[in-house]
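The primary structure of each chain is shown beneath.
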Amino acid sequence: MTAEAAILALLEERAPGRTIRPTEAAKALAGAGGDWRARMNEVHIGVDTLLEAGEIALSWKGEPLGQRRGAYRIARR
């Protein structure tokens, strides 16, 4: 599974308007007991790809973010 697929699958499971944390996607990629921290760079690259394609939106504390930086949440656009 790619990071992009993991992100979109997690968002599909959420109610409309709800968000996910990037760590959730990393944990999905790593699997049970896997090293999810080692997958974070892959998730960040996937987020950048999906953001550029207009498939997701980023925010932090309810404020929209135009690019990934610092802490952020991911929502389906």
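Preceding block: the structure.
What counts and what doesn't
- Residues numbered from 1 in each chain as written.
- Predicted model: local features only at pLDDT ≥ 70, side-chain atom pairs only at ≥ 80, totals over all residues.
- Heavy atoms only, no water.
- Phe/Tyr/Trp six-rings, centres within 6.5 Å; stacked < 30°, edge-to-face > 60°.
- Lys NZ or Arg CZ within 6 Å of the ring centre and 35° of its normal.
- Salt bridge = Lys/Arg side-chain N within 4 Å of Asp/Glu carboxyl O.
- Helix = DSSP H or I, 4+ residues; strand = E, 2+ residues; numbered from the N terminus.
- Buried < 20%, exposed > 50% of the residue type's maximum accessible area, 1.4 Å probe, protein only.
- Axes fitted to C-alpha atoms, helices over the stretch in contact; angles between N-to-C directions.
- Left-handed = near helix turned anticlockwise from the far one by under 90°.
- Contact = heavy atoms within 4.5 Å.
- Nonpolar A, V, L, I, M, F, W, Y, C, P; charged D, E, K, R; others polar.

Student: Tell me what's going on with the packing of aromatic side chains, and back it up with residues and numbers.
Tutor: All chains considered together, the criterion is met by zero aromatic pairs. For Lys-27, the ring lying beneath its charged end belongs to Trp-36, and the centroid distance is 5.0 Å.

Student: Any details on the pattern of salt bridges? Residues and values, ideally.
Tutor: Inspection of the entire model under this criterion finds five salt bridges. Here Glu-24 ties to Arg-14 by a salt bridge, and the two come within 2.2 Å at their closest N and O atoms. Highlighted residues: Glu-24 in helix 2 (residues 22–30) and Arg-14 in the loop between helix 1 (3–13) and strand 1 (19–20), separated in sequence by 10 residues. Taking the relative accessible area as the measure of exposure, Arg-14 reaches 28% and is therefore partly exposed. The structure contains a network of salt bridges with shared partners spanning Arg-14, Arg-21 and Glu-24.

Student: Can you lay out the packing of helix 1 against helix 2 for me, pointing to particular residues and giving the numbers?
Tutor: Close contact between helix 1 and helix 2 brings their axes to 9 Å; oriented N to C, the two are set at 115°. In this structure, the crossing between helix 1 and helix 2 has a hand that is right-handed. Along the contact surface, helix 1 presents Ala-3, Ala-6, Ile-7 and Leu-10, while helix 2 presents Glu-24, Ala-25, Ala-28 and Leu-29. Of the residues belonging to the contact of helix 1 with helix 2, the class tally is seven nonpolar, no polar and one charged.

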